[in-house]
Amino acid sequence: MADATQIHHLSQPCIYGLSAPPNTEKKSRFMKWLSKIFKGSGGSGGGSSRSSSAGGRHPQFLEDENMVWRAPSRSLDDRPRASKDQEELDRALAFSLSDDLKRPGCKRRTDNDENTAKGLQDSLHRPSYTPYMPSYPDYPPYDPVPFYPRGYRLCSGCNGEIGYGNYLGCMGTFFHPECFCCRSCSYPITEHEFSLSGKDPYHKTCFKELTHPKCEVCHQFIPTNTAGLIEYRCHPFWSQKYCPSHEHDQTARCCSCERLESWNTRYIALGDGRSLCLECMESAIMDTGDCQPLYHAIRDYYEGMNMRIDQQIPMLLVERQALNEAIVGEKNGFHHMPETRGLCLSEEQTVTSILRRPRIGGHRLVGMRTQPQKLTRRCEVTAILVLYGLPRLLTGAILAHELMHGWLRLKGYRNLSPEVEEGICQVLSYMWLESEVMPGFKNMASTSTASTSSFSTSKKGKTSDVEKKLGEFFLHQIAHDASPAYGGGFRSANAAVNKYGLRRTLDHIRLTGSFPI
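Please read these numbers as outputs of a predicted model, since none were measured by experiment.

Enquirer: Is there a simple way to explain the pairing of strand 3 (residues 166-170) in this structure?
Expert: The side chains of a regular strand alternate between both faces of the sheet. The element strand 3 is extensively covered by neighbouring structure, given that four of its five residues are classed as buried. The turn linking strand 3 back onto strand 4 (residues 173-175) is made up of two residues, and methionine 171 within it adopts a positive phi angle of 55°.

Below is the structure:
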């Protein structure tokens with residue numbers, strides 16, 4: 001959007017002029033005005049413009065100097081001819097100069113007004129012709145024209161004297177032509193139109209580039225809507241601006257970070273309707289074996305908080321279709337719609353897991369190997385399922401959430417409302433992400449061992465800047481989730497943990513089934 005600064009678009013505001021000695025300039029505006037007076041003299045005299053001696057027309061000059069002269073006639077005034085001529089010339093000069101002062105905007109100035117009037121006066125005293133000048137009423141007083149002596153004009157751009165060189169009068173001051181520059185690109189403004197923001201001039205194109213937003217998908221200026229306003233969408237975390245039409249034109253969206261695919265960058269198709277951007281692809285976990293070190297690191301994180309999970313719960317990475325089928329077979333449990341990324345399974349099922357990670361072929365994954373696996377229930381939790389192809393930090397956040405579901409069931413927490421169970425699980429997911437993105441910021445004493453262990457699972461040995469930014473986005477997602485169970489439940493659970501601590505909050509949930517107030 002354009003900023004709130006007052007913006008003016010000036011059309012043809014600047015005229016270049018040449019400041020020269022007084023005897024070298026022309027007063028064209030005054031000549032035009034005076035010629036109009038002479039053109040009307042024929043009508044005022046009550047006859048045609050024929051000579052009284054020859055009976056023919058005098059030669060007429062074309063365009064602005066089209067004047068008609070007639071032979072001397074009887075004077076209507078007893079004053080001397082020279083006195084009347086001088087008076088009429090003075091009036092004409094006064095009218096022309098006062099008219100100049102009333103014109104707004106930028107204008108070229110000349111310094112030979114008096115010399116022009118004097119030259120015209122001399123021409124009127126030729127012995128053979130006397131112009132007819134109609135009578136005019138007295139004009140009101142007018143402000144005198146400011147006089148600038150040689151070297152007085154100063155350039156507002158370089159503060160140097162303009163002298164008798166080319167100059168530009170604009171915005172109430174003067175510039176050398178090369179000093180009247182665009183605030184954005186610093187090149188001189190030579191067009192007849194420019195944009196003005198406050199006191200800063202801009203090329204119109206530079207001003208549009210500066211203030212008119214561009215779509216980060218199609219890289220075009222975002223068009224105006226039917227009301228003439230600039231309407232666009234903006235991601236609340238990444239601040240990605242894009243045209244509203246891209247939400248409905250099948251533009252791919254990253255299933256991890258939610259950014260739309262740019263027209264000059266191709267996303268990776270995961271083969272199940274999802275796409276992954278290149279930044280998320282750098283740390284993506286693609287098969288069950290690749291995910292095992294991360295899974296054990298998060299179990300260690302729980303143990304560091306005195307929340308040891310004694311049962312060996314199987315963990316499988318699955319495709320989207322396999323996860324949806326498992327959700328249908330699960331009798332109990334609350335699931336985040338429209339996209340579920342993980343599941344703590346309680347029923348016995350046969351699930352197709354990803355045995356070998358696929359490779360990238362062009363802009364899609366190929367060579368994936370899967371195998372069906374029968375899950376037998378040996379305790380309250382059968383298995384933990386997670387979508388494949390997500391970045392390491394998002395996969396870990398999902399595992400931390402689902403492990404909390406498993407811990408609650410193994411410890412006998414029964415019949416919890418979705419807000420309470422999902423809320424406290426989201427708190428554990430948030431806490432683990434904080435330990436990864438901001439190590440030492442929170443849970444310093446209890447999570448130092450788990451943080452060190454989980455750091456070792458990164459492919460690069462530590463959290464990169466790109467991965468850290470993704471982690472901040474996943475934290476933002478949890479904190480600003482709009483759903484009642486995942487969003488509202490997290491905010492209530494997080495407030496209770498910050499006030500009473502995790503252990504006292506869990507004890508209160510066991511006794512009452514709700515969060516302490």
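Having seen the model, we can carry on.
Enquirer: Sorry if this is basic, but what is going on with the packing of aromatic side chains here?
Expert: Centre-to-centre distance and the angle between the planes together describe a pair of aromatic rings. Tallied over the entire structure, the rule returns nine aromatic pairs. Summarising the aromatic geometry, the rings of phenylalanine 175 and phenylalanine 180 are spaced 5.0 Å apart at their centres and angled 55° between planes, so their arrangement reads as tilted. In this structure phenylalanine 175 comes out as buried when scored by relative accessible area, which is 8%. According to the relative accessible area criterion, phenylalanine 180 is buried, its value standing at 1%. Relative to phenylalanine 490, the ring of tyrosine 430 lies with its centre 5.2 Å away and its plane at 45°, an arrangement referred to as tilted. Of this pair, tyrosine 430 sits in helix 10 (residues 418-437) while phenylalanine 490 sits in helix 13 (residues 484-500), and the two are 60 residues apart along the sequence. With respect to burial, tyrosine 430 and phenylalanine 490 carry one shared label: buried. An aromatic cluster of three or more residues is present, and its members are Phe237, Trp238, Phe473 and Phe474.

Enquirer: What am I meant to see in the pattern of salt bridges here?
Expert: Oppositely charged side chains can pair when the atoms bearing their charge come close. Scanning the entire structure with this criterion turns up 14 salt bridges. Its salt-bridge partner being aspartate 200, residue arginine 183 comes within 3.9 Å of it at the nearest N-O pair. With arginine 183 in the loop between strand 4 and strand 5 (193-197) and aspartate 200 in strand 6 (residues 200-202), this pair connects stretches of sequence that are 17 residues apart. Taking the shortest distance from any N to any O, the salt bridge between glutamate 279 and arginine 259 comes out at 2.9 Å. Of the two residues, glutamate 279 is situated in helix 6 (residues 278-281) and arginine 259 in the loop between strand 8 (241-242) and strand 9 (268-269); the sequence distance between them amounts to 20 residues. We classify glutamate 279 as partly exposed; its relative accessible area is 34%. Within the structure, one salt-bridge network assembled from shared partners comprises Glu231, Arg233 and Glu247.

Enquirer: Sorry, what's going on with the side chain of threonine 395 here?
Expert: Tracing the backbone through its elements, the reader meets threonine 395 in helix 9 (residues 392-410). In contact with threonine 395, other than residues within four places in its own chain, are Ile285, Cys291, Leu294, Val386 and Leu390.

Enquirer: Looking at this structure, how should I read helix 5 (residues 204-211)?
Expert: Side chains that are three or four residues apart share a direction in an α-helix, a result of its 3.6 residues per turn. Within helix 5, the full set of buried residues consists of Cys206, Phe207 and Thr211. Buried residues of helix 5, viewed axially, fall in a sector of 115°; they line one side.

Enquirer: Explain the environment of glycine 488 here, please?
Expert: Relative to the elements of secondary structure, glycine 488 occurs in helix 13. You can call glycine 488 partly exposed: its relative accessible area is 26%. Separated by 66 residues in the primary sequence, glycine 488 and glutamate 422 have C-alpha atoms spaced 9.6 Å apart.

Enquirer: Looking at this structure, I do not really get the packing of helix 7 (residues 288-304) against helix 10. What am I missing?
Expert: Each pair of packed helices can be summarised by the angle the axes make with each other and by the distance between the axes. Where helix 7 meets helix 10, the closest approach of the two axes is 12 Å, and the angle between their N-to-C directions is 105°. Relative to helix 10, helix 7 is oriented roughly perpendicular. Contacts between helix 7 and helix 10 involve Leu294, Ile298, Tyr301 and Tyr302 from the former and Leu428, Met431, Trp432 and Ser435 from the latter. For the contact of helix 7 with helix 10, the residue count by class is seven nonpolar, one polar and no charged.

So, how was this worked out
- Residues numbered from 1 in each chain as written.
- Predicted model: local features only at pLDDT ≥ 70, side-chain atom pairs only at ≥ 80, totals over all residues.
- Heavy atoms only, no water.
- Buried < 20%, exposed > 50% of the residue type's maximum accessible area, 1.4 Å probe, protein only.
- Helix = DSSP H or I, 4+ residues; strand = E, 2+ residues; numbered from the N terminus.
- Pairing = 2+ DSSP bridges.
- Phe/Tyr/Trp six-rings, centres within 6.5 Å; stacked < 30°, edge-to-face > 60°.
- Salt bridge = Lys/Arg side-chain N within 4 Å of Asp/Glu carboxyl O.
- Contact = heavy atoms within 4.5 Å.
- Arc of directions from axis to C-beta.
- Axes fitted to C-alpha atoms, helices over the stretch in contact; angles between N-to-C directions.
- Parallel < 35°, antiparallel > 145°, perpendicular 65-115°, else oblique.
- Nonpolar A, V, L, I, M, F, W, Y, C, P; charged D, E, K, R; others polar.

The analysis is restricted to geometry; functional conclusions fall outside its scope.
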